[in-house]
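Here is how the chains run, residue by residue.
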Amino acid sequence: MTLPIASELSPRARSWLRMRAIARRHAYVLVRSPHRLFDVTLWPLVDVVLFGSLAAFVGKSSATGTEKASGYLLAGIVLWHVIYQSQIAMSTGFLEETWTRNLLNMMVTPVREVEYVAGVAMFGMIKLVMGVGVMVIGALAFFSFHVWSLGFGLIPIAVTLLVVGWAISLLVIGLVLRFGTGAEALAWGVMFVLLPLSGVFYPTNALPTIMRPIALALPTTHAFTALRGLVDGTGLNWTQVAIAAAGSVVMLVLAAWFLVRMLTMFRRRGYITRYT
Amino acid sequence: MPAEPVLDARGLVKDYRRTRAVDGIDVVVGAGERVALLGPNGAGKTTTLLMILGVVQPDEGSISICGIDLERHRSRAAECIGFAAGYLPLTERMRVREYLQLYGQLYGLADPGARIEEGLERFRIAHLADAMGTELSSGQRTLIGIVRSTLHRPRLLVLDEPTASLDPDVALRVREGLIEVAANEGTALLMTSHDMTDVEHVCERVLFLSAGRIVADGTPASIAAAYGRGNLEGVFLHLADRHQATTSQQSDHP
């Protein structure tokens, strides 16, 4: 009896090979669909110009105003794109399989769910670096705002926001598995709900009173509060970072649990027939 | 009963809401065996295949692929299976060779280059290696899909309507290629088809499904004889009529 060729590699090597293959598959999608570059080049640049110009306008009333407004708005939008890019990269990576009716092809392979997610996330990191890189350069070139001047405190904040982006994308994928591609509007819509509630550009006490408890329950709110501490020059507020990090991990665990539940339901109810 | 089953599915049951799609069937396929799963539309063929592929979870029953429990070790079991369907598209924005490379690696082949060349040669489509998937005809896409499904030398090759909408020349190439894969690599075939010519040429055993149950199991000739028909097509038409009558009766009396 001839054995399947796959048996020549160790399970770990096979797993790593599959993750890299998934990442490469999505690299082809980006490279061969120029319009997909909009998300990682033009859109970030538009945001920098929009929020940078807004900062220049509202900040010109006082000597320190421009600097502070630039810090709040530009640092806020750059860090916001960490969530946006990581979320969109992962969500649209999965949605690509549904748009091209490739889901069955993918699901019959030995790829484990965690390998698929890891492969998409690996390529998502490249998109994230591209998108945020464009913003950092744009902020420096157009508004002389150097994001890195805020210091290494940016790193833990960015990591927390990255995890939140992944958690949201797992939630979106779970909803698409359950409700079909009609739920894909959530991939973009959920971000527009999170943006104002997270106090990306302002302290949460600027929000209507009724919304403040919701804002405080979000890990993103604490991450952006810590970011404003850096902009104000008061240093990194580790308490806020710790709350944000713990919240983001809880969010990721809950989102992963939800995804597993939805995938089980997907298999039990035979929803694959929606995509064949 | 096959001595060394590559597929051992027992007591499979699947309900979709109030409809029983598969009703307690056993599907056992031995190494190198070529089996057809036939039946009219709605008989439960595709649901059965999707359960065997691990994409749909059975409500009852168990599935073992090469001795590996599918429910507990889906990834390991999937390494032993290849799947192709006439209705599935190729992954977009990739050249044929890139596409085959991708799937070779998903099945654990670090360097599938030689297998890709061999597969393309087998189905006489080596000239398509650098074409974009979107430039291919539906017949060419089907052939590429079959090459993809055999790259990792699967123990069980599952095919859903592999020759649907193919012209006779391409359908012949598919049949010859599948027989060669089974003969040279010991791969067992489990295929559905509405083309009885395919089945009579490729398969040595036929399972007939009707209303989610297996109503006949044997060689094409023995089944045709058992139903008093000249060929499988006659049996198919007879069972399709019966299936239609059964499902009409069920919808009249919910």
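Think of each chain on its own: its residues are numbered from 1, step by step along the sequence as written. Chain A is the first chain written and ligand 1 is the first ligand written, with later ones labelled in order. For a predicted model such as this one, the threshold for reporting local features is a pLDDT of at least 70, and the threshold for listing and counting side-chain atom pairs is 80 or more; totals across whole chains, interfaces and linings nevertheless cover every residue.

1. What to know about the interface of chain A and chain B
Taken together, the contact pairs 32 residues of chain A with 35 residues of chain B. The way it works is that DSSP assigns letters per residue, a run of H or I at least four long becomes a helix, a run of E at least two long becomes a strand, and they are numbered from the N terminus. Of all elements in the fold, only α1 (11-31), α4 (103-107) and α10 (238-269) of chain A reach the threshold of two or more residues within the side of chain A that touches chain B. Per-element tally for the side of chain A that touches chain B: the top contributor is α1(A), with eight residues. Under the grouping applied here, Gly and all other residues not named as nonpolar or charged are polar, the nonpolar ones being Ala, Val, Leu, Ile, Met, Phe, Trp, Tyr, Cys and Pro and the charged ones Asp, Glu, Lys and Arg. Classifying every residue of the side of chain A that touches chain B gives 15 nonpolar, eight polar and nine charged. Once C-beta atoms are placed from the backbone, any two residues with those atoms within 7 Å are in contact.

2. Some points on the sheet that holds strand β2 (residues 19-30) of chain B
Residues and elements named next belong to chain B. A pair of strands is considered paired only if DSSP assigns at least 2 bridges between the two. Pairing within the open sheet is antiparallel, and its four strands lie in the order β2-β1-β4-β5. Taken across any chain shown, the strands that pair with only one partner, and hence form the sheet edges, are β2 and β5 (68-69). Relative to strand β4 (residues 60-65), strand β1 (residues 5-16) runs antiparallel, the two being bridged by five bridges. From the neighbouring strand, Ala 9 faces β4, where its bridge partner is Ile 63. Angular values range over 0 to 180 degrees, each being the angle between N-to-C directions of two axes fitted as lines to C-alpha atoms, with helices fitted over their stretch in contact. Its contacts with the sheet put helix α1 (residues 45-52) on β1, β2 and β4, and the angle it makes with β1 is roughly 120 degrees.

3. Topic: the packing of α1(A) against helix α5 (residues 113-143) of chain A
All names here are of chain A. α5 packs onto α1 with a crossing angle of 50 degrees between their chain directions and a minimal axis gap of 8 Å. Between α1 and α5, the angle falls in the class oblique. Remark: the crossing between α1 and α5 carries right-handed chirality. On the side of α1, the interface is formed by Ser 15, Arg 18, Met 19, Ile 22, Ala 23, His 26 and Ala 27, while α5 contributes Glu 115, Tyr 116, Ala 118, Gly 119, Val 120, Met 122 and Phe 123. Its residues assigned to classes, the contact of α1 with α5 shows nine nonpolar, three polar and two charged. An angle below 35 degrees is treated as roughly parallel, one above 145 as roughly antiparallel, one from 65 to 115 as roughly perpendicular, and anything else as oblique. Less than a right angle of anticlockwise turn of the near helix away from the far helix marks a crossing as left-handed, whereas a clockwise turn marks it as right-handed.

4. A short note on the pairing of β1(B)
On any regular strand, side chains alternate: one points to one face of the sheet, the next to the other face. All names here are of chain B. Across nine bridges, the pairing between β1 and β2 is antiparallel. Across the sheet, residue Lys 14 finds its bridge partner in β2, namely Val 22. In textbook terms, the turn of a hairpin is the stretch between consecutive antiparallel strands, and for β1 and β2 this stretch comprises two residues, one of which, Arg 17, has a positive phi near 50 degrees.

5. A few points about the environment of Tyr227(B)
Residues and elements named next belong to chain B. Residue position: Tyr 227 is located in the loop between α8 (220-226) and α9 (232-252). Around each residue's C-beta, the other C-beta atoms within 10 Å are counted; 20 or more make the residue buried, 12 or fewer make it exposed, and counts in between make it partly exposed. All C-beta atoms are placed from the backbone. In this structure Tyr 227 comes out as partly exposed when scored by C-beta crowding, with 17 C-beta atoms within 10 Å. Counting along the chain gives 55 residues from Tyr 227 to Leu 172, while the straight-line C-alpha distance between them is 28 Å. Not counting residues within four places of it along the chain, the set of residues in contact with Tyr 227 comprises Val 235 and His 238.

6. Structural notes on the confidence of the model for chain B
A residue's pLDDT is the predictor's confidence in that residue, given on a scale from 0 to 100. Averaged over all residues, the pLDDT of chain B is 90; the fraction at 70 or higher stands at 96%. On the interface metric, ipTM, the complex scores 0.90, and its pTM is 0.90.

7. Notes on α10(A)
All names here are of chain A. Counted at 1.5 Å a residue, the expected span for α10 with its 32 residues is 46 Å, and the 46 Å between its end C-alpha atoms agrees. For α10, the complete set of buried residues consists of Gln 240, Val 241, Ala 244, Ala 245, Gly 247, Ser 248, Met 251, Ala 255, Leu 259, Met 262, Phe 266 and Arg 267. Among the structural elements, α6 (154-179) and α9 (219-232) are those in contact with the buried residues of α10. Count one or two residues on from α10 and you reach Gly 270, which has phi positive near 65 degrees. Here the expected span of a helix is defined as 1.5 Å times the quantity of residues minus one.

8. Topic: the packing of α1(A) against helix α3 (residues 96-106) of chain B
Helix packing geometry: the angle between the two helix axes and the distance between the axes. With their axes 8 Å apart at the nearest point, α1(A) and α3(B) run at an angle of 155 degrees to one another. Our classification of the angle between α1(A) and α3(B) gives roughly antiparallel. The interaxial crossing formed by α1(A) with α3(B) has left-handed handedness. Listed contacts from α3(B) to Leu17(A), Arg18(A), Ala21(A), Arg24(A), Arg25(A) and Tyr28(A) of α1(A) are Glu98(B), Leu102(B), Gln105(B) and Leu106(B). Taken together, the residues that form the contact of α1(A) with α3(B) break down as five nonpolar, one polar and four charged.

9. Digging into the sheet that holds strand β10 (residues 213-218) of chain B
All names here are of chain B. Strand order in this open sheet of six strands is β6-β7-β8-β3-β9-β10, and the pairing throughout is mixed. Each end of this open sheet is capped by a strand with a single partner; those strands are β6 (81-85) and β10. Strand-to-strand, the axes of this sheet are offset by a mean angle of 15 degrees, without reference to chain direction. With five bridges joining them, β6 and strand β7 (residues 156-160) adopt parallel strand pairing. If you follow Ala 84 over to β7, its bridge partner there is Leu 159. Lying on the sheet, helix α5 (residues 138-150) is in contact with β6 and β7; it crosses β6 at an angle near 175 degrees.

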